[in-house]
Amino acid sequence: MYFGKVFVSGGAVLCFSAFCLLVSGELLFITLIAGFVHELGHYLALRLLGGKITEFRFESTGAAIIYEGSSMSYMAELLAALAGPVFSFVHAYICALIGKRFGEFWFTLSGVSLVLCAFNLLPAALLDGGRVLYMLLAHLLDADSAEKICFAVSCLVSLCVMLTGLWLLLRTGWNFTLLVSGVWLFIGTAIVKRRVWV
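Reading guide: rules and limits
Residues numbered from 1 in each chain as written. Predicted model: local features only at pLDDT ≥ 70, side-chain atom pairs only at ≥ 80, totals over all residues. Heavy atoms only, no water. Helix = DSSP H or I, 4+ residues; strand = E, 2+ residues; numbered from the N terminus. Buried < 20%, exposed > 50% of the residue type's maximum accessible area, 1.4 Å probe, protein only. Polar contact = N/O pair within 3.5 Å; in protein donor to acceptor, adjacent residues only side chain to side chain. Contact = heavy atoms within 4.5 Å. Pairing = 2+ DSSP bridges. Axes fitted to C-alpha atoms, helices over the stretch in contact; angles between N-to-C directions. Expected span 1.5 Å × (residues − 1). Arc of directions from axis to C-beta.

Visitor: Can you tell me about the side chain of R57, naming the residues and giving the values?
Guide: Tracing the sequence through the fold places R57 in strand β3 (residues 52-59). With relative accessibility at 18%, the residue R57 sits in the buried group. Engagement of the side chain of R57 in a polar contact is seen with the side chain of E55, the distance being 2.7 Å. At a separation of 2.7 Å, a polar atom in the side chain of R57 contacts the side chain of E59. Apart from residues no more than four positions distant in its own chain, R57 is found in contact with Y2, F7, G62, A63, A64 and I66.

The structure is reproduced here in structure tokens:
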């Protein structure tokens, strides 16, 4: 469903509802702040680099800013992709400094922002790291070769995350979040491949 330039899919509502059931209200609030700061980095970079933002999308595969980038170079798009993780890292650092004085909430916000930064830098199709890898390869090779290499790397990364998540689940007996993240990455990679190559 559309709200102006904002699209929210049923899958996004379902995922958000499940997240609400699994975490505390405070962690939900912290995660939303960290996500907002991350997307703000992309938004500001796109505006500064000449991208015309056409839509904000919230889907089961995550949040995305859709833009008209025909006037942007590969390097400008690469910088826009890196802006989210950079904002998350700076946000994590600032929150850690504030946390020294004001306590646990800020340390938790710092940790969530840092995890969001690190996870988004993985070279997988749905993540900023995958976009960065694509932009570098498309700049050095061609778009078709970049898509094929990125698909293979994304599958490998997804498999590694799933296997690490399975190991973590077996080791702890309860922590399944990394396993779910790996499955999400793999399914998202398949969806992106279908959109690009079919």
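Moving on from the model shown.
Visitor: Kindly report on the environment of V6, identifying the contributing residues and their values.
Guide: Tracing the backbone through its elements, the reader meets V6 in strand β2 (residues 6-8). Sequence separation between V6 and I65 is 59 residues; the distance between their C-alpha atoms is 9.4 Å. Not counting the four nearest positions on each side in its chain, V6 is found in contact with M1, F56 and F58.

Visitor: Any details on the sheet that holds β2? Residues and values, ideally.
Guide: The strand order across the open sheet built from 4 strands is β1-β2-β3-β4, with neighbouring strands paired in mixed fashion. Each edge of the open sheet carries a strand with a single partner, namely β1 (2-3) and β4 (62-68). Pairing geometry for β3 and β4, over 7 bridges, is antiparallel. Bridge pairing in β4 links E59 to G62. Lying on the sheet, helix α2 (residues 25-49) is in contact with β3 and β4; it crosses β4 at an angle near 5 degrees.

Visitor: Describe the environment of A80, and please don't skip the residues or the numbers.
Guide: Looking at the secondary structure, you find A80 in helix α3 (residues 74-102). Overall, A80 belongs to the buried group, its relative accessible area being 4%. Here the alpha-carbon distance between A80 and L48, two residues 32 residues apart in the chain, equals 9.1 Å. For A80, the residues in contact, after removing those within four places along its chain, are H42, A45, L46, L49 and M72.

Visitor: Explain helix α4 (residues 104-120) residue by residue, including any values.
Guide: Here α4 spans 24 Å end to end across 17 residues, near enough to the 24 Å set by a 1.5 Å rise per residue. Buried residues of α4: L109, S110, V112, S113, C117 and N120, and no others. Axial view of α4: buried residues confined to an arc of 165 degrees, hence all on one face. What points out from α4, more than 90 degrees from its buried face, is the exposed set E104 and V115. In this structure, the buried residues of α4 make contact with α2, α3 and α5 (128-140).

Function cannot be inferred from these measures alone, as they are strictly geometric.
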